[in-house]
Amino acid sequence: MELEEAIRTRRTHKAYAPDPVPRETLDELFELARWAPNHNLTNPWRFRVVGPQALAKLKETAGPEGASKLDRAPTLVVASVVQSGDPVQDEEDFAAASVACYIVLLAAHGRGLAGYWRTPAVLRTPEGRAAVGVGRDEHVLGLLHLGRPRQEKQPPERLPVDDVVTYLP
C-alpha cells in the first residue's frame with residue numbers, strides 16, 4: 001500500500017474479528033513507532049499490550065458499562081508518554097508520543113488490520129492505571145484497539161484544505 005493511500009483510507013473501526021494480532025506483527029508496529037520524531041531523542045512513548053489478567057483487572061475497575069467497550073477488539077495496547085516535569089519537554093514528548101501512536105495505527109492499516117484510538121475514563125483513574133502498570137511519571141494517551149476489521153468503512157467528509165491552512169506574508 002502506498003503511503004498516501006494508507007493515510008487517506010485508514011479508518012476508526014469498532015467491530016473486529018476475534019483473532020488477536022500476532023506478537024510478531026505487534027513488534028513490527030512498535031519498531032516503526034520508535035521512529036517518530038522526538039526532540040533530543042527522549043523516546044518518551046510507552047506501549048503496554050494488555051494480556052488476559054490485566055484486561056480482567058481493567059474491566060473490573062471500569063465497571064459493567066466501561067468493561068463492555070473493552071471487549072471490542074482482540075488486542076488492546078495502552079499508550080502513554082513519560083513526563084519529565086519540564087513543561088516544554090513534556091509538551092514536545094506528548095506530541096512525539098502521539099505521532100508514535102498514529103504510526104502504530106497507520107502501520108497496522110498497511111498490514112490489513114484496523115484500529116481505534118480511544119481514551120477511556122478508566123485509564124484516568126489510579127485503579128485503572130494500576131491495572132495496566134502505568135507509572136506516576138506517565139500520562140496516558142489512550143487505548144489502541146487493534147485487530148482484523150469486520151466491516152468496510154467509507155471516508156468521512158473532510159474540511160477543505162483552505163479552511164485549515166493559512167499562508168502568512
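Cut-off values and rules
Residues numbered from 1 in each chain as written. Predicted model: local features only at pLDDT ≥ 70, side-chain atom pairs only at ≥ 80, totals over all residues. Heavy atoms only, no water. Buried < 20%, exposed > 50% of the residue type's maximum accessible area, 1.4 Å probe, protein only. Helix = DSSP H or I, 4+ residues; strand = E, 2+ residues; numbered from the N terminus. Pairing = 2+ DSSP bridges. Patch = residues over 30% accessible without salt bridge, like charges linked within 9 Å, V, L, I, M, F, W, Y side chains within 5 Å. Areas by Shrake-Rupley, 256 points an atom, 1.4 Å probe, with all protein chains shown as cover. Salt bridge = Lys/Arg side-chain N within 4 Å of Asp/Glu carboxyl O. Phe/Tyr/Trp six-rings, centres within 6.5 Å; stacked < 30°, edge-to-face > 60°. Axes fitted to C-alpha atoms, helices over the stretch in contact; angles between N-to-C directions. Contact = heavy atoms within 4.5 Å. Core = buried A, V, L, I, M, F, W, Y, C linked by side-chain atoms within 4.5 Å.

A.B. asks: Quick rundown of the pairing of strand 2 (residues 75–82)? Include the residues and the values.
C.D. replies: Most of strand 2 sits out of view: 7 of its 8 residues are buried. Bridge analysis of strand 1 (residues 45–49) against strand 2 gives 5 bridges, and the strand direction is antiparallel. Of the residues in strand 2, the one forming a bridge with R48 is V78. Two elements, strand 2 and strand 4 (residues 138–147), share 8 bridges in a ladder whose sense is antiparallel. Following the sheet pairing, V82 is matched in strand 4 by E138.

A.B. asks: Mind laying out a nonpolar patch on the surface, listing which residues take part and the relevant values?
C.D. replies: A cluster of nonpolar side chains, L159, V161, V164, V165 and Y167, forms an exposed patch at the surface whose accessible area comes to about 580 Å². Within the secondary structure layout, V161 lies in helix 6 (residues 161–164). For V161, a relative accessible area of 58% gives the class exposed.

A.B. asks: Would you mind going over the packing of aromatic side chains in detail, with residue names and values included?
C.D. replies: Per the stated rule, a full pass over the model turns up 1 aromatic pair. For the ring pair F30 and F47, a centre distance of 5.1 Å and an interplane angle of 20° mean the geometry is stacked. In this pair, F30 is assigned in helix 2 (residues 23–33) and F47 in strand 1, connecting sequence segments 17 residues apart. Residue classification places F30 among the buried positions, given a relative accessible area of 18%.

A.B. asks: Before we move on, could you go through the sheet that holds strand 2 and cite the residues and values that matter?
C.D. replies: Strands sit in the order 1-2-4-3 across an open sheet of 4 strands; the sheet is antiparallel. Only two strands of the sheet have a single partner each, and these edge strands are strand 1 and strand 3 (114–118). Within the sheet, the average angular offset between the axes of one strand and its neighbour, ignoring direction, is 25°. With respect to the sheet, helix 2 is in contact with strand 1, strand 2 and strand 4, its orientation differing from that of strand 1 by roughly 170°. Strand contacts of helix 4 (residues 87–110): strand 1, strand 2, strand 3 and strand 4, with the helix running at about 5° to strand 4, the strand carrying the most contacts.

A.B. asks: How would you explain unusual backbone geometry if you had to name every residue and give the values?
C.D. replies: Of note, L41 is a non-glycine position whose phi angle comes to about 50°, a positive value. Tracing the sequence through the fold places L41 in the loop between helix 2 and strand 1. The residue N43 is not glycine, and still its phi comes out positive at about 45°. Position of N43 among the secondary structure elements: in the loop between helix 2 and strand 1. Classification of N43 by relative accessible area gives partly exposed; the value is 34%.

A.B. asks: Please give an account of the nonpolar core that cites residues and values.
C.D. replies: Core analysis: the largest hydrophobic core is formed by 22 residues, its most contacted members being L26, L29, W45, V104, L141, L144 and L146. Every element with two or more residues in this core is listed here: helix 2, strand 2, helix 4 and strand 4. Of the residues forming this core, the biggest block, 8 residues, is contributed by helix 4. If we skip the residues at most four places from it in the chain, L141 touches A79, S80, V81, F94, A97, S98, C101, W117 and T119. Counting 16 residues, the second-largest nonpolar core is a separate cluster that includes L70, A114, A131 and V132.

These values are about where atoms sit, not about what they do.
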